[in-house]
Amino acid sequence: MINEYFFLLLVIFSIAIAGWKTSNLSLSGAVMAIMVGMAIGWSYGFEGLFILGVFFLSSSIWSRLFKKSKIGIEERLAKTSIRDWQQVLANGGPAALFAIFFSVTGNEVWTLAFIASIAGANADTWASEIGPLSHKMPFSIRTFRRVPKGTSGAVSVLGTVAAFFGAALISLASLILLNVMDVSLLLLLLLSGFLGNILDTVLGAFIQLEYRCTVCDLRTESSVHCDHHTERTKGLPLMNNETVNALSCLFAGVLMLIFY
């Protein structure tokens, strides 16, 4: 047993360091990834880490692919594609929380919530990374007008389809943990993850923070742009992108509990 946990730690540290060295994670992001990985590894072993790894690897691949087509989008965002501790916690924190609940109670229902929360994170990441590749500008669900790519609360057909398949991938990957082929259960996991992404879009449209640069007039999620403080144009205090992501992943897990 001790050897197994030692090997788990070795794998977790190796993946986190690799993510840092390849600029997929910042140093703080790598540290948080270790903490999230330890919580999940302790509860589910390598099977749980496999599901987390599918999310991390697929999202990292999509963030790297077609990078030239996404030039200009990161300027609207508060963070870059190099994930820091807040981004890692927002996407993996709810899953780690459900994993801890499972470890404490032994109730398998928390496993379903764990999977659904990662499905929600993957759906949102795929939508954010693949959606901007659409030839058409997305439209805001708040104003029903076309808006620049990368705008929170905006949707496109390509991004919506990507979210569906992102949730589906995690649902299929969960077979290694569930160890049973139950089509209805897989569909519920897929639906929970996809609806988590829908909530992310709704929150992004109505209550997520948005600012306007007083120098270049750009709409951005960053409180500083062009070396000047920006003006808040929308959103509630503390409701930044990380908070919205965390809430949507948590919602996906809780929704699975309700469905089940």
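The structure presented is a predicted model; accordingly, all values stated were derived computationally and were not measured. Residue indices follow the written sequence of each chain, beginning from 1 at its first position. In keeping with the model being predicted, local features are shown solely for residues with a pLDDT of at least 70 and side-chain atom pairs are shown and tallied solely at 80 or more, while totals for entire chains, interfaces and linings include all residues. Each side-chain value is derived from all of the structure's non-hydrogen atoms; neither hydrogens nor water enter the calculation.

**Focus: the overall build of the protein**
Here's step 1: Regarding its fold elements, the protein presents eight helices and seven strands.
Here's step 2: It is over C-alpha atoms that the radius of gyration is taken, and the globule rule equals 2.2 Å times the number of residues to the power 0.38. In terms of C-alpha radius of gyration, the protein reaches 18 Å, essentially the compact-globule figure of 18 Å for 260 residues.
Here's step 3: Buried residues in the protein amount to 48% of all 260 residues.
Here's step 4: Whether two residues are in contact is decided by their heavy atoms: any pair within 4.5 Å suffices. A separation of at least 24 residues holds for 69% of the contacts in the protein among residues at least 6 apart in sequence.
Here's step 5: We get accessible surface area from the Shrake-Rupley algorithm with a probe of 1.4 Å; when it comes to residues, only the shown protein chains can shield them. Taken as a whole, the protein presents about 13,000 Å² of accessible surface, with 69% of it coming from carbon and sulfur.
Here's step 6: Under the counting rule used here, the positive set is Lys and Arg, the negative set is Asp and Glu, and His together with the chain ends is not counted. To locate a charge, take NZ of a lysine, CZ of an arginine, CG of an aspartate or CD of a glutamate. Computed over 17 positive and 16 negative side-chain charges, the inter-centroid distance for the protein is 10 Å. Strands here are runs of E lasting at least two residues and helices are runs of H or I lasting at least four, both read from the DSSP assignment and numbered beginning at the N terminus. A simple rule labels every residue: compare its accessible area, found with a 1.4 Å probe on the protein chains alone, to the largest value its type can have, and call it buried under 20%, exposed over 50%, or partly exposed in between.

**Considering the sheet that holds strand 3 (residues 210-212)**
The pairing of strands in a sheet happens through backbone hydrogen bonds and is either parallel or antiparallel.
Here's step 1: Any two strands are treated as partners once DSSP identifies two or more bridges connecting them. In spatial order, the strands read 4-3-7; together these three strands make up an open sheet with antiparallel pairing. A strand with exactly one partner marks an edge of an open sheet, and here the two such strands are strand 4 (219-220) and strand 7 (231-234).

**Quick notes on the nonpolar core**
Here's step 1: In this structure, Ile40, Phe114, Ile115, Ile118, Ile170 and Leu189 are the most contacted members of the largest nonpolar core, which totals 46 residues.
Here's step 2: Where this core is concerned, the elements lending two or more residues are helix 1 (2-21), helix 2 (27-64), helix 3 (85-105), helix 4 (109-130), helix 5 (157-173), helix 6 (175-178), helix 7 (183-206) and helix 8 (241-259).
Here's step 3: For this core, the element with the most residues is helix 2, which contributes twelve residues.
Here's step 4: Ignoring any residue separated from it by four or fewer positions in sequence, one finds Ile115 in contact with Ile51, Ile170, Ser174, Leu177, Leu178 and Leu189. Nine residue types can take part in a nonpolar core, namely buried Ala, Val, Leu, Ile, Met, Phe, Trp, Tyr and Cys, and a core is a set of them joined through side-chain atoms within 4.5 Å.

**Regarding the packing of helix 2 against helix 3**
For any two helices packed against each other, the geometry comes down to the angle between their axes and how far apart the axes lie.
Here's step 1: Between the N-to-C directions of two axes lies an angle of 0 to 180 degrees, each axis being a line fitted to C-alpha atoms and, for a helix, fitted only over the stretch in contact. At a minimum axis distance of 9 Å, the contact between helix 2 and helix 3 shows a crossing angle of 40°. Put simply, helix 2 runs oblique to helix 3. Both helix 2 and helix 3 take part in a crossing whose hand is left-handed. In contact with Ser28, Gly29, Met32, Ala33, Val36, Ala39, Ile40, Trp42, Ser43, Tyr44 and Phe55 of helix 2, helix 3 contributes Trp85, Val88, Leu89, Asn91, Gly92, Ala95, Ala96, Phe98, Ala99, Ile100, Phe102 and Ser103.
Here's step 2: Per-class residue counts for the contact of helix 2 with helix 3 are 17 nonpolar, six polar and no charged. The cut-offs work like this: below 35 degrees is roughly parallel, past 145 is roughly antiparallel, 65 to 115 is roughly perpendicular, and the gaps in between are oblique. Each helix crossing is assigned a hand: it is left-handed if the near helix lies turned anticlockwise from the far helix by less than a right angle, otherwise right-handed if that turn is clockwise. Gly is placed with the polar residues, together with every amino acid not listed as nonpolar (Ala, Val, Leu, Ile, Met, Phe, Trp, Tyr, Cys and Pro) or charged (Asp, Glu, Lys and Arg).

**What about unusual backbone geometry?**
Here's step 1: Although it is not a glycine, Ser23 adopts a positive phi angle of roughly 65°.
Here's step 2: Looking at the secondary structure, you find Ser23 in the loop between helix 1 and helix 2.
Here's step 3: The phi torsion at Asp217 lies on the positive side, around 70°, for a residue other than glycine.
Here's step 4: Among the structural elements, Asp217 can be located in the loop between strand 3 and strand 4.
Here's step 5: For Asp217, a relative accessible area of 48% translates into the label partly exposed.

**Some points on the packing of helix 4 against helix 8**
Here's step 1: One way to put it is that helix 4 packs onto helix 8 with a least axis distance of 7 Å and a crossing angle of 140°. When the axes of helix 4 and helix 8 are compared, the pair comes out oblique. At the point where helix 4 passes helix 8, the crossing takes the right-handed sense. Contact with helix 4, carried on its side by Val109, Trp110, Leu112, Ala113, Ala116, Ser117, Gly120, Ala121 and Asp124, involves Asn245, Cys249, Ala252, Gly253, Met256 and Leu257 of helix 8 and no other residues of that element.
Here's step 2: Among the residues making up the contact of helix 4 with helix 8, the classes are represented as ten nonpolar, four polar and one charged.

**Examining the environment of Asp200**
Here's step 1: As for its position among the elements, Asp200 is in helix 7.
Here's step 2: C-alpha of Asp200 to C-alpha of Thr243: the two residues are 43 residues apart in sequence and 9.8 Å apart in space.
Here's step 3: Setting aside anything within four residues of it in sequence, one finds Asp200 in contact with Asp124, Val244, Asn245 and Ser248.

**Section: the layout of surface pockets**
Here's step 1: Cavity: a set of points on a 1 Å grid over the protein atoms alone where a 1.4 Å probe fits but cannot get out. Pocket: an open set with protein on both sides within 12 Å along at least five of seven lines, its lining residues, like those of a cavity, having an atom within 4 Å of a point. Grid points are joined across faces, edges and corners, and a volume is the space filled by probe spheres set on the points. Taken as a whole, the second largest pocket holds about 370 Å³ of empty space.
Here's step 2: In terms of lining, the second largest pocket is formed by 21 residues, of which the most central are Ile15, Ala33, Leu52, Gly53 and Phe56.
Here's step 3: Of all the secondary structure elements, the ones that give two or more residues to the lining of the second largest pocket are helix 1, helix 2 and helix 3.
Here's step 4: A total of eleven residues in the lining of the second largest pocket trace back to one element, the largest contributor, which is helix 2.
Here's step 5: Its residues assigned to classes, the lining of the second largest pocket shows 14 nonpolar, six polar and one charged.

**Focus on a nonpolar patch on the surface**
Here's step 1: Residues forming no salt bridge and having over 30% relative accessible area are the ones grouped into patches, like charges within 9 Å of each other and nonpolar side chains (Val, Leu, Ile, Met, Phe, Trp, Tyr) within 5 Å. Criterion for a salt bridge: a side-chain nitrogen of Lys or Arg within 4 Å of a carboxyl oxygen of Asp or Glu. Together, Leu97, Ile100, Phe101, Val104, Leu191, Leu247, Leu250, Val254, Ile258 and Phe259 give the surface a local cluster of nonpolar side chains, amounting to about 820 Å² of exposed area.
Here's step 2: Broken down by secondary-structure element, the contributors of at least two residues to the nonpolar patch are helix 3 and helix 8.
Here's step 3: With five residues, the top contributor of residues to the nonpolar patch is helix 8.
Here's step 4: Mapped onto the elements, Leu191 comes out in helix 7.

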